[in-house]
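Structure assessment
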Amino acid sequence: MSRLGVAVFWLLHWLPLAVLARLGEALGLLLHVFALPRRHVVDTNLKLCFPELDARQRRQLSRRHFRTVGRSLLERGLLWWGSRERLERIVRIEGGDRVRALQAAGTPVILLAPHFVGLDMGGTRVTMDFDIVSVYARQKKNPVLDRWLYHGRSRFGDQLLLARQDGVRSSVKAMKAGRPFYYLPDMDYGRRDAIFVPFFGVPAATITGLPRLARVAGAAVLPCVTKMLPGGAGYVVEIGEAWSDFPSADVEADTLRMNEWIESVVRTMPEQYYWVHRRFKTRPVGEAKLY
């Protein structure tokens, strides 16, 4: 991203959300037409995960997905410059009392936040209520974008952003000090620290960090899903009840439980999951590439 691009985002963030949403959806439809490599990834993912849909239905779902992606892109300026008051109006948070109750009891908290298109909007809204710890992937190829992404995730409160290489110890220490961990485990990070468990029936390289972190930190796992609402209605962050009987003694079963829960949420709003990611890039030994 260039400085000119940042200036465009700054100008756009002043628009009413309903207008910004319509522009974002229009951008998404253009991306669906012209961003062919990403559309190939999306279409491959949808074909793998929704074999019950015919080609026309998957094409419609792909278009709806790109519309939400376009919205999430254009609305990013709100995260960088929107006032606290405006963001609190746009993004509603439900279930925050569950986090506060666990904090009051001295129980570390993991917020399990899958990659839906509203993820960053939800993350910023959470930082308005809590000082959290999260993992930040540096955008080394684009220092301008890196600067603004970091700014958007740390502008409210006292946030701790760790690099992946900072390891488990720093995350556990932060959780034990009372910081909820905004945890994003559902991307393909390769074979390191991952096992193959099904996601929509397809073997997917999945990191086993959730049960391991929960065990080491003695943390409660609370599902945290951000939904993009239609038009100018904004977003809602839903923090659910803590999972019972988690972690178990079986890391693979716990990791499968996580994937099955994510799948169940995706099915309620399939257009909003981050299908542009190559979720099935890493394959079991001997399997052909899917993208």
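Residues numbered from 1 in each chain as written. Predicted model: local features only at pLDDT ≥ 70, side-chain atom pairs only at ≥ 80, totals over all residues. Heavy atoms only, no water.

A separate point is helix H7 (residues 96-104). When H7 is considered as a whole, its buried residues turn out to be Gly 96, Val 99 and Leu 102. Buried residues of H7 fall within an arc of 125° about the axis and therefore sit on the same side. Residues of H7 that are exposed and point over 90 degrees away from its buried face: Asp 97 and Ala 104. Here the buried face of H7 lies against strand E1 (91-94), strand E2 (109-112), strand E8 (220-228) and strand E9 (235-239). Positioned one or two residues after H7, Gly 106 has a phi angle of 80°, which is positive. (Buried < 20%, exposed > 50% of the residue type's maximum accessible area, 1.4 Å probe, protein only. Helix = DSSP H or I, 4+ residues; strand = E, 2+ residues; numbered from the N terminus. Arc of directions from axis to C-beta. Contact = heavy atoms within 4.5 Å.)

Strands in a sheet are paired, the pairing made by backbone hydrogen bonds, and the direction either parallel or antiparallel. An order of E1-E9-E8-E2-E5-E3-E4 is seen for the seven strands of this open sheet, with the pairing classed as mixed. The open sheet terminates on both sides in strands that have one partner only, identified here as E1 and strand E4 (160-162). Ignoring which end each strand starts from, the neighbouring axes of this sheet average 25° apart. Of the pairings in the sheet, the one linking E1 to E9 comprises four bridges and is parallel in character. (Pairing = 2+ DSSP bridges. Axes fitted to C-alpha atoms, helices over the stretch in contact; angles between N-to-C directions.)

Now for the pairing of E8. For E8, the tally of buried residues reaches eight of nine residues, placing the bulk of the element in the interior. In this sheet, E8 lies alongside E2 in parallel orientation, the contact comprising four bridges. Paired with Leu 111 across the bridge in E8 is Leu 222. Bridge analysis of E8 against E9 gives five bridges, and the strand direction is antiparallel. Its bridge partner being in E9, Val 225 is matched across the sheet by Glu 238. The antiparallel hairpin formed by E8 and E9 contains six residues in its connecting segment, where Gly 231 sits at a positive phi of about 55°.

With that out of the way, let us pick up the packing of helix H11 (residues 209-217) against helix H12 (residues 251-266). Where H11 contacts H12, the axes come no closer than 8 Å and their chain directions differ by 115°. Comparing the axis directions of H11 and H12 gives the class roughly perpendicular. Of the residues in H12, those touching H11 at Leu 210, Pro 211 and Arg 212 are Val 251, Asp 254, Thr 255 and Met 258. Looking at the contact of H11 with H12, its residues break down into four nonpolar, one polar and two charged. (Parallel < 35°, antiparallel > 145°, perpendicular 65-115°, else oblique. Nonpolar A, V, L, I, M, F, W, Y, C, P; charged D, E, K, R; others polar.)

By themselves these figures say nothing about function.
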